[in-house]
Amino acid sequence: MKIIHTPEEWKKIRSGIASDKKIGFVPTMGGLHNGHLSLVQKCHKENDISVVSVYLNPTQFNDKNDLLTYPANFEDDSALLEKAGVDYLFAPDYSAMYPDGYTYKVIETDFSQKLCGAKRPGHFDGVLTIVMKLFNIIRPQNAYFGEKDFQQYVLLDGMVKAFFMDIHLVPCPIVREENGLAISSRNRKLSEKGLAAAPKLHEILENESSLEQKKNELESSGFTVDYITEHNGRLYAAAFLEGVRLIDNIPLKG
Ligand code: AMP
């Protein structure tokens with residue numbers, strides 16, 4: 001696996017890749033776990049060349065403390081990617097990704113203002129902008145995103161269509177612990193007690209109960225509910241546990 005730090009380095013390599021070779025891309029923020037690795041494995045299987053980016057994108061963090069305490073370790077991440085058979089790891093820094101100082105943004109004005117967007121102002125502007133930049137640099141045919149962040153997937157799919165970008169987005173199912181907890185880098189910030197309570201989020205979403213009942217059940221299980229809402233056939237929730245913001249979503253039954 002070759003590690004690349006600048007768009008210029010990648011562009012040189014990219015120009016030497018034959019046009020009939022399929023390039024698959026998985027963007028991540030590091031702190032890699034089995035959820036990320038499921039995307040990487042699918043990408044590796046379905047393409048000739050796999051590229052993964054590890055970039056903790058500051059513009060999508062509305063909470064500075066969340067950014068500063070994000071549990072990621074570059075050595076661990078690159079070892080996992082190497083083992084997974086990744087060809088190129090793109091690991092830029094802020095100056096490489098934001099030569100404009102984030103004066104240019106990609107903004108969606110509808111769905112990005114709802115659910116997580118309503119609670120995390122500017123979050124999806126940061127997500128859409130960094131993914132647009134990464135797509136323009138890497139120029140993959142296929143890009144892989146987890147349904148764990150379903151709203152993000154929907155918004156990126158909309159961006160690709162709105163801007164006539166020739167990139168196929170592949171949604172990938174949520175990888176869960178055996179107890180149902182959606183795997184997340186942020187789970188590492190929970191205490192043992194928090195980790196034992198966290199699967200309740202998924203369990204309560206799956207219950208046959210009203211939104212109001214689910215909210216009450218979550219609150220009495222120790223969560224502080226940020227929102228719980230149905231949208232376009234899915235049930236979405238975000239809730240704080242020990243100050244850690246956990247998200248989950250499931251398709252609505254029936
Ligand atoms: P992140 O590093 O959090 O930006 O995540 C990078 C990609 O991995 C995103 O497309 C996420 O949706 C995806 N991802 C993270 N956790 C999971 C999971 N438990 N199951 C499936 N995909 C995931």
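Residues numbered from 1 in each chain as written. Predicted model: local features only at pLDDT ≥ 70, side-chain atom pairs only at ≥ 80, totals over all residues. Heavy atoms only, no water.

Comments concerning the sheet that holds strand β8 (residues 234–241)
Consideration 1: Taken together, the 3 strands give an open sheet; going across it, the order is β7-β8-β9, and neighbouring strands pair in antiparallel fashion. Among the strands making up the open sheet, the edge pair consists of β7 (224–231) and β9 (244–251). Within the sheet, the average angular offset between the axes of one strand and its neighbour, ignoring direction, is 10°. (Pairing = 2+ DSSP bridges. Helix = DSSP H or I, 4+ residues; strand = E, 2+ residues; numbered from the N terminus. Axes fitted to C-alpha atoms, helices over the stretch in contact; angles between N-to-C directions.)

Quick notes on the pairing of strand β3 (residues 49–54)
Consideration 1: Within β3, 6 of the 6 residues are buried, which leaves it mostly tucked inside the rest of the structure.
Consideration 2: Residues Ile49, Val51 and Ser53 of β3 are buried on one face, and the alternating residues Ser50, Val52 and Val54, pointing to the opposite face, are buried as well.
Consideration 3: Relative to β3, strand β2 (residues 23–28) is paired through 6 bridges, and the arrangement is parallel. Of the residues in β3, the one forming a bridge with valine 26 is valine 52.
Consideration 4: Here β3 pairs with strand β4 (residues 88–90) via 3 bridges, running parallel. Looking at β4, one finds that valine 52 is bridged to leucine 89. (Buried < 20%, exposed > 50% of the residue type's maximum accessible area, 1.4 Å probe, protein only.)

What to know about the UniProt feature "binding site: (R)-pantoate" (unreviewed entry) in the protein
Consideration 1: The UniProt record annotates "binding site: (R)-pantoate" (unreviewed entry) at Gln60 and Gln152. The greatest C-alpha distance among the residues just named is 11.5 Å, despite their covering 93 residues of sequence, which places them together in space.
Consideration 2: Inspection of the secondary structure puts glutamine 60 in the loop between β3 and α3 (64–68).
Consideration 3: A relative accessible area of 8% means that glutamine 60 is categorised as buried.
Consideration 4: Once residues lying within four places of it in the same chain are set aside, the contact partners of glutamine 60 are Met29, Arg120, His123, Gly126, Val127 and Ile130. (UniProt positions renumbered as here; feature names shortened; annotations may be inferred. Contact = heavy atoms within 4.5 Å.)

Examining the site of the ligand
Consideration 1: Near the ligand there are 17 residues, and of these Met29, Gly146, Asp149, Val175 and Ile183 occur at the shortest range.
Consideration 2: Here an oxygen atom of the ligand sits 2.9 Å away from a polar atom, N or O, in the main chain of methionine 29.
Consideration 3: Coverage of the ligand by the protein chains reaches 94% of its 490 Å² of free accessible surface.
Consideration 4: Looking at the shell around the ligand element by element, the count peaks at 3 residues for helix α2 (residues 34–46).
Consideration 5: Residues of the shell around the ligand, tallied by class, amount to 9 nonpolar, 6 polar and 2 charged. (Near = heavy atom within 4 Å. Polar contact = N/O pair within 3.5 Å; in protein donor to acceptor, adjacent residues only side chain to side chain. Areas by Shrake-Rupley, 256 points an atom, 1.4 Å probe, with all protein chains shown as cover. Nonpolar A, V, L, I, M, F, W, Y, C, P; charged D, E, K, R; others polar.)

Side note on the sheet that holds strand β5 (residues 142–146)
Consideration 1: In spatial order, the strands read β1-β4-β3-β2-β5-β6; together these 6 strands make up an open sheet with parallel pairing. The open sheet has two edge strands, β1 (2–4) and β6 (168–172), and neither has a second partner. Going across the sheet, the axis of each strand differs from the next one's by a mean of 25°, ignoring polarity.
Consideration 2: On top of the sheet, α2 reaches β2, β3, β5 and β6; it is set at about 160° to β5, its chief contact.
Consideration 3: Along the sheet, helix α7 (residues 123–138) contacts β2, β3, β4, β5 and β6; its crossing angle with β2, the most-contacted strand, is approximately 150°.

Brief notes about helix α1 (residues 7–15)
Consideration 1: Buried within α1 we find Pro7, Trp10 and Arg14. Seen end-on, α1 carries its buried residues on one side only, within an arc spanning 65°. Structural note: α1 exposes Glu8, Lys12 and Ser15 on the side pointing more than 90 degrees away from its buried face. (Arc of directions from axis to C-beta.)

A look at the packing of α7 against helix α8 (residues 150–162)
Consideration 1: With their axes 11 Å apart at the nearest point, α7 and α8 run at an angle of 50° to one another. Accordingly, the angle class assigned to the pair α7 and α8 is oblique. Read as a crossing pair, α7 and α8 show a hand that is right-handed. From α7, Phe124, Val127, Leu128, Val131, Met132 and Phe135 reach across to α8, where they touch Gln151, Gln152, Leu155, Leu156, Met159 and Val160. (Parallel < 35°, antiparallel > 145°, perpendicular 65-115°, else oblique. Left-handed = near helix turned anticlockwise from the far one by under 90°.)

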